[in-house]
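Observations on the model geometry
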Amino acid sequence: MTGPPAHSSDQSEQLPVEAVLHEAGFPVDLLTEEQRMVLSELTPQELTLLLDVKNRLDAVGPEVQAHGEIAGGALF
């Protein structure tokens, strides 16, 4: 899933951070226990910012990937 989570910001504060990130498409199951601990300590504002940055990156992801594939194929 690459879109924003299907819940409001109020709900994201009630859910564990790891669950919110998983719903948003972060591969939290691939993280180390130490990395999960860091994420679990995010403030609500930090979580909101992280989700916003991911959404903006996802929004331009296909365009960037397409350019990379075209450029890579043309150059190599």
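Thoughts on the overall build of the chain
If you tally the helices and strands in the chain, you get 4 helices and 0 strands. Along the chain direction, N to C, the helices and strands of the chain fall in the order α-α-α-α. For the chain, with 76 residues in total, the buried portion stands at 17%. For the chain, restricting intrachain contacts to residue pairs at least 6 apart in sequence, the fraction spanning at least 24 positions comes to 48%. Total accessible area computed for the chain in this model is approximately 5,700 Å², and 62% of it derives from carbon and sulfur atoms.

Focus: the environment of Leu50
With respect to the element layout, Leu50 can be found in helix H4 (residues 44-75). Judged by relative accessible area, Leu50 falls into the partly exposed class, the value being 28%. The spacing of Leu50 and Leu21 is 29 residues in sequence and 9.1 Å in space, taken between C-alpha atoms. Beyond its immediate chain neighbours, meaning those up to four positions away, Leu50 contacts Leu21, Phe26, Leu39 and Leu42.

Brief notes about the confidence of the model for the chain
When the pLDDT values of the chain are averaged, the result is 78; 64% of them are 70 or greater. Per-element confidence in the chain is highest for helix H3 (residues 33-40), whose mean pLDDT is 95, and lowest for helix H1 (residues 9-14), whose mean pLDDT is 52.

Quick notes on the pattern of salt bridges
If you walk through the whole model with that rule in mind, you get 3 salt bridges. With a closest N to O distance of 3.8 Å, Glu18 and Arg36 form a salt bridge. Of the two residues, Glu18 sits in helix H2 (residues 17-23) while Arg36 sits in helix H3, which places them 18 residues apart along the sequence. Judged by its relative accessible area of 35%, Glu18 is partly exposed.

Scoring rules and cut-offs
Residues numbered from 1 in each chain as written. Predicted model: local features only at pLDDT ≥ 70, side-chain atom pairs only at ≥ 80, totals over all residues. Heavy atoms only, no water. Helix = DSSP H or I, 4+ residues; strand = E, 2+ residues; numbered from the N terminus. Buried < 20%, exposed > 50% of the residue type's maximum accessible area, 1.4 Å probe, protein only. Contact = heavy atoms within 4.5 Å. Areas by Shrake-Rupley, 256 points an atom, 1.4 Å probe, with all protein chains shown as cover. pLDDT = per-residue confidence, 0-100. Salt bridge = Lys/Arg side-chain N within 4 Å of Asp/Glu carboxyl O.

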